[in-house]
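Notes for the structure review
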Amino acid sequence: MNRSESERLFRNAQEVIPGGVNSPVRAFKGVGGSPVFFATASGPYLFDVDGNRYVDYVASWGPMIQGHGFEPVVRAIRDQAAESVGFGAPTKRETQMARKIVDTVPGIDKVRLVNSGTEATMSAIRLARGFTSRDIVIKFDGCYHGHSDALLAKAGSGVLTLGLPNSPGVPQSVTRHTLILPFNDTEAVHDAFGQYGDQVAAVILEPVAGNMGCIPPLPGFLEAVRRITSDAGALLIFDEVMTGFRVARGGAQALYGVSADLIALGKVIGGGLPVGAFGGRADVMDHIAPEGPVYQAGTLSGNPLATTAGLALLNTLDDAFYSRLAAQTKALTDGLGELARGHNIAVRINSVCGMFSLFFTSQAQVATFEDVSRCDVARYNRFFHAMLDAGVYFAPSAFESAFVSGAHTETEIELTLAAADRAFTQLN
């Protein structure tokens, strides 16, 4: 497959952009080779600058849950842009978006709109510390909550892809109040609270980890963390930037029946435009300025383009949609698993509704960062390039989740499985 124009554009980009990209995983350092530059997209397909077509399982890292160029979203953006792209002042769309989130996501009484997932989690942490008057925050190994200083220690996603367990530029004095525990390890949470319980402001976690691959919670884990934090007077923060409106209409809280005190959202709620939000219990949210003493602000927060696009998308998502999405995801992952077994290739596939990950490993389960770190990354990289050359675009990292959209049909699944059959052949 010819990608000479992508290669030329990447060389040009490297002259003026660090690494040639504006987000590290895009550089293909985790898989080798040069990144693909895309020009257009439609439904479940991407088209690069060389005219090649790809079945897309990156979905702009999650938000394109109805596929690319989804007409209700495109029309809403076009109509809003004709009125104004921004005011820096209140609009009715902000309240409509907030009402939609409050009415749909369990545990949210009030919500503040921001501009990114990083901003949402960073603000939620600040609020939790201000509300509890405590300093320590517990996160989990391999979970990525954006690139704010306090949460970058032992993060997942691009940090794992580049082999950077921690980031230079983050002083130890900033991260010394961050405790890192193994994901899905209830005993470790018990032990940490036994030692530091009265100092812990919050526990933050992805209820379905998505930034070290798709790692669902083990039975009882979320319930135990909920119980432990409540008993200690600490807050529980669910980072649902990825899972919100992705794994169920009400997110992971609705799927697993466990409610957090604060919830961070992003991705899907913007319909593909930059957006974030954090919300939760009214008594906690009332500590945010101007109502309370904890300061948080944003010039473009509640931008009318993002809120309009997000509302247009969210209004199309009902329970029937998620049932179809889960069925399509299962058809794809079952097919991939069957093909791998047929080629005698050891894989483990984790999935939750429209999210999935394929791990090259013979382990019985992949449930922790330690499990992920034992997987065969080199084999994933070969698989990635074989699929890319066959016209299927997976994440350029073994540590990222893949996403199915409502635009994927049996046709795209069959194309993907045919490509995977050839890719698995090349791996033997």
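Placed above this text is the structure.
All values derive from a computational prediction rather than experimental measurement.

Next up on the list: helix 4 (residues 117-132). Turn by turn, an α-helix covers 3.6 residues, leaving residues three or four places apart pointing in a common direction. The terminal C-alpha atoms of helix 4 lie 23 Å apart, and with 16 residues this matches the ideal 22 Å at 1.5 Å per residue to within 8%. When helix 4 is considered as a whole, its buried residues turn out to be Gly117, Thr118, Glu119, Ala120, Thr121, Ser123, Ala124, Ile125, Leu127, Ala128 and Thr132. In the segment just after helix 4, Ser133 is the residue with positive phi, at about 55 degrees.

Structurally, Ser123 can be placed in helix 4. Note on Ser123: relative accessible area 3%, which makes it buried. For Ser123, the residues in contact, after removing those within four places along its chain, are Phe278 and Gln296.

Moving on to unusual backbone geometry. A cis amide bond, omega 10 degrees, links Ala289 with the succeeding residue Pro290. Examined against the element boundaries, Pro290 turns out to sit in the loop between helix 10 (282-285) and helix 11 (304-314). Although it is not a glycine, Ala59 sits at a positive phi angle of roughly 55 degrees. Among the secondary structure elements, Ala59 is positioned in the loop between strand 3 (53-56) and helix 2 (71-83). Since its relative accessible area comes to 3%, Ala59 is described here as buried.

Applying the stated criterion across every chain, the model contains 15 aromatic pairs. Ring geometry for Tyr57 against Phe394: centres 5.2 Å apart, planes inclined by 15 degrees, an arrangement best described as stacked. Highlighted residues: Tyr57 in the loop between strand 3 and helix 2 and Phe394 in the loop between strand 13 (392-393) and strand 14 (402-403), separated in sequence by 337 residues. Note on accessibility: Tyr57 and Phe394 belong to one class, buried. Summarising the aromatic geometry, the rings of Phe383 and Phe394 are spaced 5.9 Å apart at their centres and angled 35 degrees between planes, so their arrangement reads as tilted. One end of the pair, Phe383, is in helix 14 (residues 377-389); the other, Phe394, is in the loop between strand 13 and strand 14, and 11 residues separate them in sequence. In terms of burial, Phe383 and Phe394 fall into one category: buried. Aromatic ring contacts, followed pair by pair, group Tyr57, Phe356, Phe360, Tyr380, Phe383, Phe394 and Phe424 into a single cluster.

Calculation criteria
Residues numbered from 1 in each chain as written. Predicted model: local features only at pLDDT ≥ 70, side-chain atom pairs only at ≥ 80, totals over all residues. Heavy atoms only, no water. Helix = DSSP H or I, 4+ residues; strand = E, 2+ residues; numbered from the N terminus. Expected span 1.5 Å × (residues − 1). Buried < 20%, exposed > 50% of the residue type's maximum accessible area, 1.4 Å probe, protein only. Contact = heavy atoms within 4.5 Å. Phe/Tyr/Trp six-rings, centres within 6.5 Å; stacked < 30°, edge-to-face > 60°.

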